[in-house]
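What follows is the residue order along each chain.
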2 protein chains.
Amino acid sequence: MKLVIVGGVAGGASAAARARRLDEHAEIVLLERGPYLSFANCGLPYYLGGEIQQRGKLLVTPLERLKVRYKLDARPNSEVTRIERALKQVWVRDRETGREYAEKYDKLILAPGAKPRVPEIPGGDLHGVFTLRTLEDTDRIFSRLKDVRHAVLMGGGFISLEVAENLVNRGIGVTVVERNPQLLMPFDPEMTSPLVKALRNKGVELVLGGRVTAIEMVDGKSLRVHLTDGKTLDCDLVMAGIGVEPESNLAADAGLELGVRGAIRVNGQMQTSDPDIYAAGDVVETRDPVTGQPGVIPLGGPANRQGRIAADHIFGREARYRGTQGTAIVRVFELTVASTGASEKTLKRLKMAYRAAYLHPNNHAGYYPGTQAMCLKVLFDPLDGRVLGAQAVGGEGVDKRIDILSLAIQGKMTVYDLEEAELCYAPPYGSAKDAVNMAGFVCSGILRGDQPQVTVGELLEHQKAGTLAAVLDVRGADEFSKGHLPGAINIPIDELRSRLAEVPAGRVAVNCQVGMRGYLATRILLAAGRDVVNLSGGYQTWEMFSAAGLTA
Amino acid sequence: MKLVIVGGVAGGASAAARARRLDEHAEIVLLERGPYLSFANCGLPYYLGGEIQQRGKLLVTPLERLKVRYKLDARPNSEVTRIERALKQVWVRDRETGREYAEKYDKLILAPGAKPRVPEIPGGDLHGVFTLRTLEDTDRIFSRLKDVRHAVLMGGGFISLEVAENLVNRGIGVTVVERNPQLLMPFDPEMTSPLVKALRNKGVELVLGGRVTAIEMVDGKSLRVHLTDGKTLDCDLVMAGIGVEPESNLAADAGLELGVRGAIRVNGQMQTSDPDIYAAGDVVETRDPVTGQPGVIPLGGPANRQGRIAADHIFGREARYRGTQGTAIVRVFELTVASTGASEKTLKRLKMAYRAAYLHPNNHAGYYPGTQAMCLKVLFDPLDGRVLGAQAVGGEGVDKRIDILSLAIQGKMTVYDLEEAELCYAPPYGSAKDAVNMAGFVCSGILRGDQPQVTVGELLEHQKAGTLAAVLDVRGADEFSKGHLPGAINIPIDELRSRLAEVPAGRVAVNCQVGMRGYLATRILLAAGRDVVNLSGGYQTWEMFSAAGLTA
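Residues numbered from 1 in each chain as written. Chains lettered and ligands numbered in written order. Predicted model: local features only at pLDDT ≥ 70, side-chain atom pairs only at ≥ 80, totals over all residues.

Let us now look at the sheet that holds strand β4 (residues 78–84) of chain A. Residues and elements named next belong to chain A. Read across the sheet, three strands follow the order β4-β5-β6 without closing on themselves; strand pairing throughout is antiparallel. One side of each edge strand has no neighbouring strand; the edge strands of this open sheet are β4 and β6 (100–104). The sheet shows a mean angle of 30 degrees between the axes of neighbouring strands, taken without regard to direction. Where β4 meets strand β5 (residues 89–94), six bridges bridge the pair, whose relative direction is antiparallel. Across the sheet, residue V80 finds its bridge partner in β5, namely V92. (Pairing = 2+ DSSP bridges. Helix = DSSP H or I, 4+ residues; strand = E, 2+ residues; numbered from the N terminus. Axes fitted to C-alpha atoms, helices over the stretch in contact; angles between N-to-C directions.)

Dropping the structure here:
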């Protein structure tokens, strides 16, 4: 068996190592266009910021080890220019010598990754305008950083925000320009409000809903960035983090079937339309196991598993890729933002039935020092309670809860299962009723009819339709005075039973700070025969919508 | 509906709050023997150590709030002395006035908890000998602490170890005396070795396999503790953390059916043998969903959920307690130790088929600063791969992995599912191949036959039976020289292919440091037609067994 692999980073490197473990005698040729194989691309922003200090740390598996330990014919600077399927060979160009040669294969795995979009604007190709994909990109940016006082980051996605944090940590001023009205498009907009606040608190300038129209060189050195609104930004470096595109040109030229956004279409065993050619990583089309939709989701975890599965199938193992549900996380200063499964906007777009709930649990017992809060949003099936998606933003413990909810989605578990989840509890780690249990309680309560709730979006629709008699805020007068929903009346929860007569007739929406007191108020009003709904996640959630401009 | 609840802490308080939410008009009487309801019993050790500084923080829900917000007839200092089932009433003694009165009920929930075992030895009742259950216990210990230079903790369970850490943090010398040869009996012994090391590093004296036979007062003030080996320990305080017993005397006197260890037997709805009487919390017998065995597992999370389920059923909601799988966690200085599901010793005792695997993954990407390692042990079904149990010890991220594995057990998921788990990956949080994925790879590899492995225990059996030709250590010569398995020969992995002839004929056990290089060596030797097994978790796991005295 001769296996040729195109691309020597995440998916390709995983496929190669797995292949060797499965077949000691196979000939495995690992062709990487760049000078480095198996480098830590997710670590690049942290090297720029100096958190990762040794460049060598980014080389996960050194070339020598790939060659000796894994007995791989690993070739850096080797660009595959063409696939000749009929002859079962690829053409390779040695980028150091310029030599071109054909390499035969029995099986071929394509793992070339995705390339960053380059801004197609005047000046998009100027010296000082970068994209960040490879270690060489990083080296180029790094060598320039000492002269950079201000940087403009195009795009407000994961990599841009990681780079923003790292540049700020180096004392560099940062402006992020995002053409959409929110950061991190995979998230629902309200969940990104705390990010906006955190970034601005750290001095990052955010231009949301704006675009860079041109970049010009000033004094042969500085860059001037022109925005849609006519404003300009002067800076010393521009980085474009405006998305990536599957690098599927090789596959396309070879006539392999492509899917959405030009990604290579594969089956569950990562086989392309040519059964001798597999593909893995950021170049493939995957299916979302929650929505059933095809998509392109460039993530390190899936890339590694796909490479492994391709190798498994080639060497006769049973394996099936289950699709990518889009579990993603990013740290932005003190905040963590993470997501898994479907977002509300995706469910809406696909017209899938869902319910949403918000809560603001703590990472661990409130009586133990260092408690940090998070906002957790859970999306679930209104019929069977199956968890469809979750997003969280906050301090410590966000990653844990999204991981647990990711596994719940994978296991097709329901919000009733979350109620009964038996999770670690000691004061430094969790609560007797963990955030995940609380999510289960709230969502199950909605399905059982015990907790009639509305989201902020639904509340606004009710208000627009004139179907609400009043908004009743059951927080204390002191909390109420600091800010409340427009037109809300205030009856603190502990006085509600004695002041029931003051509650206007008709449908009432109740809110408190995070939803807990509102839930009890809802129960009290229901028992009094009233038509009532609780605002999911309370005033704190309202503020997140409000900050995202969604309540105006 | 008149609901009477006996016990006002975890299970009882949860039942009361849930009951109120489900029925605004029910009469709910919450009877607590002690002066405090709804206090944070899991926080008590941290108050002793000063980490929780304000005593008021331990009162989760103040009495006034229980009365006003939840409209509960909450009565502290109210001890229930008798249940008269025929009359559907309980007798209550007001501990402040001494008055006794009968309280009628429609439904009764028993949530009296469990009482700490008192050492039945001479001097076990001396002034200065304590157990830790209530806030009053804590107050008594706390007021004495300023005069304590050395404390003896009887028992090496969760609470003792938490107290040990907290006393050391106050500058108090600590000796822990545990009658068993290991700490934390719910864990497999080798997994507790790192704890022993951490405690001793912090100056804690450990007496394992020893017992306190008597305590005497010296100079009317100090205490002298006598041990089985004749040694004595002088100290100023003794705390007995030698287990708890369900406080089921009320239930027993009333003729309710009891289960193992005298715990109250309940059905899935937490009903006792009298359908009008429910029980919840540390007093009940639960069923282990993995082994099917009845047991008594006193844990905060389950207690709260049981209380909730009892209230659910009383007020007509569908709910079913699924049993307690025993997810537990404790912090001991810089270490975290956590467990879920069945231990290996339990599976062995019950003669259930299982396989075990060890690995030593990092909490997050190795190239990102602050990486911390853990040892993860996974137990799984050898036929279908279902996860049966997991234990972990290490630094950050232990709680997250055990929570994920706990949900996997709850969802009856398999090690194949762990391979495909899509977890959060960014350098500060995880790895492209997370610890949970790695566990899946290793365990699935065992089941598929790709990774023939033995545990240390199995290796020792092989050696005893003389079925092993050699132990082959494939680490570097430098690592080998620092310590290795008895009689092992050393061929570094990168030289193995060229030195195959040196590997003795017959069955060979391979080991490296954590199992990864050993796995590759196993593959190389299998391809050469050799009979080979890999030592699960490598030399590092061997050392854990060795430190626990299990390799001699």
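Taken together, the contact between chain A and chain B spans 64 residues of the former and 64 residues of the latter. For the side of chain A that touches chain B, the secondary-structure elements that each account for two or more residues are α1 (10–22), α8 (300–314), β21 (328–332), α10 (398–410), α11 (415–420), α15 (493–496) and α16 (516–527) of chain A. Residue contributions to the side of chain A that touches chain B peak at nine residues, all from α10(A). Here the side of chain A that touches chain B is built from residues that sort into 34 nonpolar, 11 polar and 19 charged. (Contact = placed C-beta atoms within 7 Å. Nonpolar A, V, L, I, M, F, W, Y, C, P; charged D, E, K, R; others polar.)

Residues and elements named next belong to chain B. At a minimum axis distance of 7 Å, the contact between helix α1 (residues 10–22) and helix α8 (residues 300–314) shows a crossing angle of 35 degrees. By crossing handedness, the relation of α1 to α8 is classed as right-handed. Contacts from A10, G11, G12, S14, A15, R18, A19 and L22 in α1 reach G300, A303, N304, Q306, G307, R308, A310, A311, D312 and I314 in α8. Tallied by class, the residues present in the contact of α1 with α8 amount to eight nonpolar, seven polar and three charged. (Left-handed = near helix turned anticlockwise from the far one by under 90°.)

Residue and element names in this part refer to chain A. When cut into domains, chain A gives domain 1 (2–113 + 245–314), domain 2 (129–242), domain 3 (334–448) and domain 4 (453–547). Just the C-alpha atoms count here: the centres of domain 3 and domain 4 sit 23 Å apart. Here the side of domain 3 that touches domain 4 gets four residues from one element, more than from any other, and that element is strand β23 (residues 355–359). Residue classes in the side of domain 3 that touches domain 4 are distributed as six nonpolar, one polar and no charged. (Domains from an automatic or database assignment.)

Further remarks concern the pairing of strand β10 (residues 150–154) of chain A. Residue and element names in this part refer to chain A. Taking burial as the measure, the five residues of β10 include four buried ones, the bulk of the element. Where β10 lies against strand β11 (residues 173–178), five bridges are found, and the strand directions are parallel. Considered in β11, the bridge of A151 is made with V174. In terms of handedness, the path from β10 via helix α5 (residues 158–169) over to β11 forms a crossover that is right-handed. (Buried ≥ 20, exposed ≤ 12 C-beta atoms within 10 Å, placed from the backbone. Right-handed = clockwise from strand over helix to strand, strands pointing away.)

On to the relation of the copies chain A and chain B, then. The transform that puts chain A on chain B rotates by 180 degrees and translates by 0.0 Å along the axis, for an RMSD of 0.0 Å. Such a combination of turn and shift is consistent with a two-fold rotation axis. Interface overlap between copies is the fraction of interface residues in one copy that are interface residues in the other; for chain A against chain B it reaches 100%, indicating a shared surface. (Least-squares fit on C-alpha atoms with pLDDT ≥ 70 in both.)

Turning our eyes to something else, we now look at the sheet that holds strand β3 (residues 73–75) of chain B. Residues and elements named next belong to chain B. The strand order across the open sheet built from five strands is β3-β2-β1-β7-β18, with neighbouring strands paired in parallel fashion. What marks the edges here is a single partner per strand, and that holds for β3 and β18 (277–279). Sheet twist, expressed as the mean angle between neighbouring strand axes with direction ignored, is 15 degrees. One ladder, built from four bridges, connects strand β1 (residues 2–6) with strand β7 (residues 107–110); its direction is parallel. Each residue of the ladder has a partner; that of V4, found in β7, is L108.

What follows deals with the nonpolar core. Within the largest apolar cluster, 368 residues are counted, with the highest numbers of intra-cluster contacts made by I109(A), L110(A), A279(A), I109(B), V238(B) and A279(B). Residues contacting I109(B), with those up to four places away along its chain left out, are L3(B), I5(B), V6(B), G12(B), A15(B), Y278(B), A279(B), A280(B) and A310(B). (Core = buried A, V, L, I, M, F, W, Y, C linked by C-beta atoms within 7 Å.)

Attention now moves to α16(A). The end-to-end C-alpha separation of α16(A) is 17 Å, in line with the 16 Å expected for 12 residues at 1.5 Å each. With nine of its 12 residues buried, α16(A) lies for the most part within the structure. Residues of α16(A) that are buried sit in contact with α15, β29 (508–511), β30 (532–535) and α17 (538–547) of chain A together with α1 of chain B. Once α16(A) ends, the next one or two residues include G529(A), with phi positive near 80 degrees. (Expected span 1.5 Å × (residues − 1).)

A word on α1(B). With 13 residues, α1(B) should reach 18 Å at 1.5 Å per residue; the first-to-last C-alpha distance of 18 Å fits that figure. Of all 13 residues making up α1(B), 12 are buried, and the element is well covered by its neighbours. For α1(B), the complete set of buried residues consists of A10(B), G11(B), G12(B), A13(B), S14(B), A15(B), A16(B), A17(B), R18(B), A19(B), R20(B) and R21(B). As for α1(B), its buried residues are in contact with α16 of chain A together with β1, β2 (27–31), β7 and α8 of chain B.

A separate point is the environment of G171(A). All names here are of chain A. Turning to its location among the elements, G171 is positioned in the loop between α5 and β11. What makes G171 exposed here is the crowd of 8 C-beta atoms within 10 Å. Residues G171 and G529 lie 358 residues apart in sequence; the distance between their C-alpha atoms is 60 Å.

What follows covers unusual backbone geometry. A negative phi angle is the norm for most residues apart from glycine, just as the trans form is the norm for most peptide bonds. Phi angles above zero are rare outside glycine, and L184(A) is one such case at about 45 degrees. Locating L184(A) in the fold gives a position in the loop between β11 and α6 (193–201). Its 24 C-beta neighbours within 10 Å are what place L184(A) among the buried residues. The backbone phi angle of N77(B) is positive, close to 55 degrees, even though this residue is not glycine. Structurally, the position occupied by N77(B) is in the loop between β3 and β4 (78–84).

All names here are of chain A. Mapped onto the fold, A198 is located in helix α6. Using a count of 18 C-beta atoms within 10 Å as the deciding quantity, one classes A198 as partly exposed. Taking the C-alpha atoms as reference, A198 lies 7.7 Å from V332; in sequence the two are 134 residues apart. A198 has contacts with V332, F333, E334 and L335, leaving out every residue within four places of it along the chain.

Below, the discussion takes up the environment of E334(A). Residue position: E334(A) is located in the loop between β21 and β22 (335–341). For the pair formed by E334(A) and G395(A), sequence separation is 61 residues and the distance between their alpha carbons is 6.5 Å.

Take the pairing of strand β15 (residues 232–235) of chain B next. Working note: regular strand, side chains alternate between the two faces of the sheet. All names here are of chain B. Sheet topology places strand β14 (residues 222–227) next to β15; four bridges connect them, and they run antiparallel. In the strand pairing of β15, L223 is matched with C235. Between β14 and β15, which follow one another and run antiparallel, lie four residues, and G230 among them has a positive phi close to 90 degrees.

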